[in-house]
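Each chain, letter by letter, is given below.
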Amino acid sequence: MASKKALFICLGNICRSPIAEAVFIDEVKKSNQESNWEIDSAAIGSWHVGKDPDRRALATMKKHNLAYNNKARQIQKDDFKHYDYIFGMDEQNIADLKSRCPKDGTAKILMLGDFDPEGDRIIRDPYYDDGSEGFEKCYVQSVRCCKAFLEQVAQN
Ligand code: 4NP
């Protein structure tokens, strides 16, 4: 049974949160903690429910040898009770999560970028970009943050 549960959130669940989810799964595997964690991602909005990630997100994950087969879903009320940690990518995600959290929600709502040792707090939305550099940046930020978060959890 997974003893810890983490959910990665962004606006559409097709760009940033799938990358962060795939990176976190990879870091958990590398540190042999796979059986300890349940990991998923979801959207604030419903626009892309059921869809694969954006092709630039998939290309970024492929480039870094990260497998990904999940489809977009929207966050549900029960997620706030089920997950221990819910990570947002920017301030708007955090505000949306806090406003949707039910009274009996127990998850810690955290900004993923707050774990960045380089202090780059915001994982910017690259959806409307022309190219894929924003996706690569999301990947690099996610690696730094996921590693640091895992180290921090291991110490507590
Ligand atoms: P994401 O990017 O939140 O990183 O998945 C977005 C994807 C789609 C939209 C906005 C952001 N959209 O407005 O459809």
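Above this note sits the structure.
Here the structure is a predicted model, which means the values were calculated and not measured.

Calculation criteria
- Residues numbered from 1 in each chain as written.
- Predicted model: local features only at pLDDT ≥ 70, side-chain atom pairs only at ≥ 80, totals over all residues.
- Heavy atoms only, no water.
- Near = heavy atom within 4 Å.
- Polar contact = N/O pair within 3.5 Å; in protein donor to acceptor, adjacent residues only side chain to side chain.
- Areas by Shrake-Rupley, 256 points an atom, 1.4 Å probe, with all protein chains shown as cover.
- Nonpolar A, V, L, I, M, F, W, Y, C, P; charged D, E, K, R; others polar.
- Core = buried A, V, L, I, M, F, W, Y, C linked by side-chain atoms within 4.5 Å.
- Buried < 20%, exposed > 50% of the residue type's maximum accessible area, 1.4 Å probe, protein only.
- Helix = DSSP H or I, 4+ residues; strand = E, 2+ residues; numbered from the N terminus.
- Contact = heavy atoms within 4.5 Å.
- Axes fitted to C-alpha atoms, helices over the stretch in contact; angles between N-to-C directions.
- Parallel < 35°, antiparallel > 145°, perpendicular 65-115°, else oblique.
- Left-handed = near helix turned anticlockwise from the far one by under 90°.
- Pairing = 2+ DSSP bridges.
- Phe/Tyr/Trp six-rings, centres within 6.5 Å; stacked < 30°, edge-to-face > 60°.

A few points about the site of the ligand
The environment of the ligand is made up of C10, L11, G12, N13, I14, C15, R16, H48, D125, Y127 and Y128. At 2.7 Å from an oxygen atom of the ligand is found a side-chain nitrogen or oxygen belonging to H48. Coverage of the ligand by the protein amounts to 93% of the 360 Å² it exposes when considered alone. Looking at the shell around the ligand residue by residue, the classes come out as six nonpolar, three polar and two charged.

Quick notes on the nonpolar core
Counting 34 residues, the largest nonpolar core has F8, I19, F24, W37, F87, L112 and F149 as the members making the most contacts within it. Elements supplying a minimum of two residues to this core: β1 (4-10), α1 (16-30), β2 (37-43), α2 (55-63), β3 (85-88) and α5 (133-155). With 10 residues, the single largest contributor to this core is α5. The contacts of W37, once residues within four sequence positions are left out, are A2, K4, K5, A6, F24, V28, Y85, F149, L150 and V153. Counting residues in each nonpolar core, the second largest holds 13 residues, with A42, I86, I94 and A107 among its members.

So, the packing of α2 against α5
Running from N to C, α2 and α5 point in directions that differ by 50°, and their axes come no closer than 9 Å. One finds that α2 runs oblique with respect to α5. When you trace α2 past α5, the crossing you get is right-handed. Counting all contacts with α2, which are made through R56, A57, T60 and K63, the residues of α5 involved are F135, E136 and Y139. Taken together, the residues that form the contact of α2 with α5 break down as three nonpolar, one polar and three charged.

Some words on the sheet that holds β1
Taken in spatial order, the four strands line up as β2-β1-β3-β4 in an open sheet, and their pairing is parallel. With one partner strand each, in any of the chains shown, β2 and β4 (108-111) form the two edges of the open sheet. Taken over all neighbouring pairs, the strand axes of this sheet differ in orientation by 25° on average, direction set aside. With four bridges joining them, β3 and β4 adopt parallel strand pairing. Looking at the pairing, Y85 lines up with K108 of β4. Across the sheet, helix α4 (residues 91-100) touches β1, β3 and β4, and the angle it forms with β4 is around 170°.

Observations regarding the packing of aromatic side chains
As enumerated under the stated definition, the model contains 12 aromatic pairs in all. Seen in terms of ring centroids, W37 and F149 are 6.2 Å apart; in terms of plane orientation they differ by 65°. Their pairing is edge-to-face. Here F149 lies in helix α5 and W37 lies in strand β2, a separation of 112 residues in the sequence. No difference in accessibility class separates W37 from F149, as the two residues are buried. Plain terms: the ring middles of Y85 and F149 are 5.0 Å apart, the flat faces sit at 80° to each other, and that makes the pair edge-to-face. Of this pair, Y85 sits in strand β3 while F149 sits in helix α5, placing them 64 residues apart in sequence. By the burial criterion, Y85 is buried, and F149 matches it. One aromatic cluster is present, built from ring pairs that chain together F8, F24, W37, Y85, F87, F115 and F149.

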